[in-house]
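Survey of secondary and tertiary structure
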Amino acid sequence: MDGMEEKTIQRKQYVLIDVLKFIMASLIIGIHSKSITGESYPMFLSCLMQTAVPFFFVTSGFLFAEHVVLSNATKQSVLQGLYRWMKKILFLYVCWTILYLPLTICGYYQNHLSWRADCLLFVRGFLFLGEHNYSWPLWYLLASLIAACLIYLFVKIRLKTRGWFLIGLLLMFLGWKYEHTNPSMLNGFSAFVYKAYDLVFVNTRNGFCQGLAYIAAGMVISTWKLRNKLFAFFFVVLGGVMFIHDYPFSLLLLSMGLFILGSNIAVAFLENNITFCQTLRSMSILMYFFYMYVIAFMGLCLKKGWIMWNVYEVWGVVWLITILFAFFVCYYMQTESGKWIKRII
């Protein structure tokens, strides 16, 4: 990086990626439709759903790298780009945490714990988990922020992109081991480490165990001169087989493969309707963050017995309400009074 002038590039429109992001946002709605019905999906559909959030991570990493042009940028320009990115993510994280407060407060009110305990749980959720009651999508923002901070540190110490990726893979593997470890079989220092991690993070949905590897993967893809469809298809098939057998890195391979396919397949209709694809891009973000309000309402309806729907019916209704909301918000954003919304998506 040092000694090179920063290059500027014309931002390529990855129109099929915009469509895939819309599809992935729809699949994420299905994930939490399952959480309120207690039903399950077929293996193939479950595999696609679990790939959705990793796909967003990989896309973010790739587009950031494309914007900064990591392989041809100075160290200072990369650090400045990362700093701006971190500020934006932090702003979004705080904004959406505030927007989710009604659901968060309801959740803490219903747990019948003391207000002191609820405050501690909120602080832990805000700083380490990125989630509270019915605000699970927030973990994506917090994980992205932590990953960006780690990458900022790596750039500071002149660690190459592949180094970030390898560290991310190591942390992801340790997270997989955590999920597949029986704590009753541990003792001594290993038991202490396990309990300490479990007390703070609860799960592996964070920037250390997932965010870094996925975002670094997107950045690594941006440096590959050859990204052919056969190579991507191999990633998807291998990732799918590994997912079935519950092996580590399965979702990483799947998300990388799907992204490479999406960034290399040209669709004439989409290429000629870029505005349509950009609208889908904005809708996917709005869908990702808004749908939890609809999920929460549907969960209440199911709990009270007001509806007796299966998981596909819940998913379909939540999806329909969410895309209608996202469409009208996108329309409102084009007006003078609605331009402020662009700052939080």
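See above for the structure.
Below, the structure is looked at part by part. This structure is a prediction, so every number in the text was calculated from the model and none was measured.

With that settled, consider the overall build of the chain. Tallying secondary structure elements over the chain gives 14 helices and zero strands in all. Walking the chain from its N terminus toward its C terminus, one meets helices and strands in the order α-α-α-α-α-α-α-α-α-α-α-α-α-α. Against the globule reference of 20 Å for 345 residues, the chain gives a C-alpha radius of gyration of 21 Å, in line with a compact fold. Considering only C-alpha atoms, the chain reaches an extent of 60 × 60 × 40 Å along its principal axes. A total of 345 residues make up the chain; the buried ones form 51% of that total. With the model as given, the accessible surface of the chain reaches about 18100 Å², and the carbon-plus-sulfur share is 68%. Side-chain charges in the chain split into 27 positive and 14 negative, and the spacing between the mean points of these groups amounts to 6 Å.

Turning our eyes to something else, we now look at unusual backbone geometry. In this structure, Arg158 takes a positive phi of about 65° despite not being glycine. Even without a glycine there, the phi angle at Val202 is positive, about 70°.

As for its position among the elements, Val94 is in helix 3 (residues 75–99). Taking the C-alpha atoms as reference points, Val94 and Leu141, separated by 47 residues in sequence, lie 9.6 Å from one another.

Here we take up the side chain of Ser33. Among the structural elements, Ser33 can be located in helix 1 (residues 15–37). You can call Ser33 buried: its relative accessible area is 0%. A distance of 2.8 Å separates a polar atom in the side chain of Ser33 from the backbone oxygen of Ile29. Excluding residues that lie within four positions of it along the chain, Ser33 makes contacts with Tyr41, Ile295, Val311, Val314 and Trp315.

As a further point, take the pattern of salt bridges. All chains considered together, the criterion is met by three salt bridges. Note that Glu131 is salt-bridged to Arg205, the shortest N-O span being 2.9 Å. Linking Glu131 in the loop between helix 5 (115–129) and helix 6 (138–156) with Arg205 in the loop between helix 8 (188–201) and helix 9 (207–223), this pair joins segments that are 74 residues apart in sequence. A relative accessible area of 31% means that Arg205 is categorised as partly exposed. Linking Glu336 and Lys339 is a salt bridge whose minimum nitrogen-to-oxygen distance equals 3.3 Å. With relative accessibility at 64%, the residue Glu336 sits in the exposed group.

Time to look at the packing of aromatic side chains. All chains considered together, the criterion is met by 32 aromatic pairs. An angle of 10° between the planes, with centres 6.2 Å apart, marks the rings of Tyr100 and Tyr293 as stacked. Taken together, the positions of Tyr100 in the loop between helix 3 and helix 4 (101–110) and Tyr293 in helix 13 (residues 274–304) put the pair 193 residues apart, joining distant regions of the chain. Feature note: the residues Phe56, Phe57, Trp96, Tyr100, Trp139, Tyr140, Tyr214, Tyr288, Phe289 and Tyr293 constitute an aromatic cluster, connected by ring pairs.

Together, Leu320, Leu324, Phe327 and Phe328 give the surface a local cluster of nonpolar side chains, amounting to about 410 Å² of exposed area. Looking at the secondary structure, you find Phe328 in helix 14 (residues 311–333). Of the residues examined, Phe328 reaches a relative accessible area of 54% and is grouped as exposed.

Another aspect to go through is helix 8. Counted at 1.5 Å a residue, the expected span for helix 8 with its 14 residues is 20 Å, and the 20 Å between its end C-alpha atoms agrees. For helix 8, the complete set of buried residues consists of Ala191, Tyr194, Tyr197 and Phe201. Down the axis of helix 8, the smallest arc covering the buried residues is 135°, so these residues share one side. Among the exposed residues of helix 8, those oriented more than 90 degrees off its buried face are Gly188, Phe189, Phe192, Lys195 and Leu199. Looking at the buried residues of helix 8, the elements they touch are helix 5, helix 7 (161–179) and helix 9. Following helix 8 by one or two positions, Val202 has its phi on the positive side, about 70°.

It is worth spelling out the side chain of His32 at this point. Along the chain, the position of His32 falls in helix 1. Leave out the neighbours within four places in its chain, and His32 touches Trp136, Tyr291, Met292 and Ile295.

Next up on the list: the packing of helix 1 against helix 2 (residues 43–68). It is the contact of helix 1 with helix 2, at a shortest axis distance of 8 Å, that shows an interaxial angle of 130°. Taken together, the axes of helix 1 and helix 2 lie oblique to each other. For the element pair helix 1 and helix 2, the recorded crossing hand is left-handed. Each of Ile17, Leu20, Lys21, Met24, Ala25, Leu27, Ile28, Gly30 and Ile31 in helix 1 lies in contact with helix 2, whose residues at this interface are Leu45, Leu48, Met49, Ala52, Val53, Phe55, Phe56 and Thr59. By residue class, the composition of the contact of helix 1 with helix 2 is 14 nonpolar, two polar and one charged.

Calculation rules
- Residues numbered from 1 in each chain as written.
- Predicted model: local features only at pLDDT ≥ 70, side-chain atom pairs only at ≥ 80, totals over all residues.
- Heavy atoms only, no water.
- Helix = DSSP H or I, 4+ residues; strand = E, 2+ residues; numbered from the N terminus.
- Rg over C-alpha atoms; globule rule 2.2 N^0.38 Å.
- Buried < 20%, exposed > 50% of the residue type's maximum accessible area, 1.4 Å probe, protein only.
- Areas by Shrake-Rupley, 256 points an atom, 1.4 Å probe, with all protein chains shown as cover.
- Lys, Arg positive; Asp, Glu negative; His and termini not counted.
- Charge placed at Lys NZ, Arg CZ, Asp CG, Glu CD.
- Polar contact = N/O pair within 3.5 Å; in protein donor to acceptor, adjacent residues only side chain to side chain.
- Contact = heavy atoms within 4.5 Å.
- Salt bridge = Lys/Arg side-chain N within 4 Å of Asp/Glu carboxyl O.
- Phe/Tyr/Trp six-rings, centres within 6.5 Å; stacked < 30°, edge-to-face > 60°.
- Patch = residues over 30% accessible without salt bridge, like charges linked within 9 Å, V, L, I, M, F, W, Y side chains within 5 Å.
- Expected span 1.5 Å × (residues − 1).
- Arc of directions from axis to C-beta.
- Axes fitted to C-alpha atoms, helices over the stretch in contact; angles between N-to-C directions.
- Parallel < 35°, antiparallel > 145°, perpendicular 65-115°, else oblique.
- Left-handed = near helix turned anticlockwise from the far one by under 90°.
- Nonpolar A, V, L, I, M, F, W, Y, C, P; charged D, E, K, R; others polar.

By themselves, these observations are geometric and do not establish any function.
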